[in-house]
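Understanding the architecture of this molecule
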Amino acid sequence: MKPFLSLCILLSLSPLLHAQRHVDDSENFAFVFYLVGQGLKDDAVTLARHWPSDSDSASFAKGYAYYSARLLDSAAATFGRVGERSALRTEALFFAALSQAHLQRFDSSAATLSLIDATDGSTLNLKRFEQAGVSLLRRDLPAFDRAFGLVDTSDYRLASEAQSLHALRQSIAGHKNKSPLLAGALSAVLPGLGKVYAGSYGEGAAAFLLTGSLIGVTAENWLREGPANWKTIVSGLLSAVFYAGNIYGSAISVKVANDDFNQQHDVQILYDIHIPLRNSYRR
């Protein structure tokens, strides 16, 4: 159904697209936002890709279509083509910076935000808020504090998100990443202890019981049957495998826990810096 709809759109717009040099871009501009608003993001991207104009309004609309469809590389590049004298320039830079932040290109995002010429207090406040958010994504807490300290948090566009962003900053400041090496060392001393350190209490108990049982069986076979007996050898090999796996698994568990913490915070930060842009530029 989607490809058929895209084909119909292209056929209906074909005369317009081929005569684009002589037609105002406003019709296509409005239609892109209509498609996005209707949830037809793939169709908006199809129109953007077949739109021959390189005007500022065309570049902005294409960038918005790509951004809505999560084609963030294309979005950042296309937003960047909006000219310095365009009325859409500031909005384009904001969304280009947000696209780069989603791609974890935090240095590029910060550099893009610095290009925004905030000539009024409203834009300047939004710029500072976005800069604070990008600083938090970079885990640069001093830079966050400097930017956030200048933000008017009573601004209706970002008041709720400012509270959330500050809470995230406190959470990040109070969090200490656990050491995978220490987790491995703890499990080497006592199987399962590294997983307990990582916060996986159930897995820690299971690792202790399983590895401990295998080591106990190996010791019993050694005493009863001798070290060369096949039972001792098999249980010994199993004990070694599970012991080594427990050490490695403990280190991985800590790394996963650290990554999960950072990922969850990044997702919320990106959401918080998106909402004020949506509130500021409703289409």
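These numbers were taken from a predicted model, which means no experiment stands behind them.

1. Description of the packing of helix α6 (residues 89–102) against helix α14 (residues 230–280)
- At a minimum axis separation of 11 Å, α6 and α14 run at an interaxial angle of 165 degrees. When the interaxial angle is binned, α6 and α14 end up roughly antiparallel. Here α6 runs over α14; the crossing is left-handed. Side by side, α6 and α14 meet where Phe-94, Phe-95, Leu-98, Ala-101 and His-102 of the first sit next to Leu-270, Ile-273, His-274 and Leu-277 of the second.

2. As for the confidence of the model for the protein chain
- Looking at the protein chain as a whole, its pLDDT mean stands at 87, while 91% of the residues score no less than 70.
- A low-confidence stretch, residues 16–23 (pLDDT under 50), is modelled with 14 contacts involving residues beyond four sequence positions or located in other chains.

3. Let's talk about the side chain of Thr-78
- The topology assignment puts Thr-78 in helix α5 (residues 72–79).
- For Thr-78, a relative accessible area of 4% corresponds to the buried category.
- Engagement of the side chain of Thr-78 in a polar contact is seen with the backbone oxygen of Ser-74, the distance being 2.6 Å.
- Those residues in contact with Thr-78, other than ones at most four positions away along the chain, are Ser-59, Lys-62, Gly-63 and Tyr-66.

The rules behind each value
- Residues numbered from 1 in each chain as written.
- Predicted model: local features only at pLDDT ≥ 70, side-chain atom pairs only at ≥ 80, totals over all residues.
- Heavy atoms only, no water.
- Axes fitted to C-alpha atoms, helices over the stretch in contact; angles between N-to-C directions.
- Helix = DSSP H or I, 4+ residues; strand = E, 2+ residues; numbered from the N terminus.
- Parallel < 35°, antiparallel > 145°, perpendicular 65-115°, else oblique.
- Left-handed = near helix turned anticlockwise from the far one by under 90°.
- Contact = heavy atoms within 4.5 Å.
- pLDDT = per-residue confidence, 0-100.
- Buried < 20%, exposed > 50% of the residue type's maximum accessible area, 1.4 Å probe, protein only.
- Polar contact = N/O pair within 3.5 Å; in protein donor to acceptor, adjacent residues only side chain to side chain.

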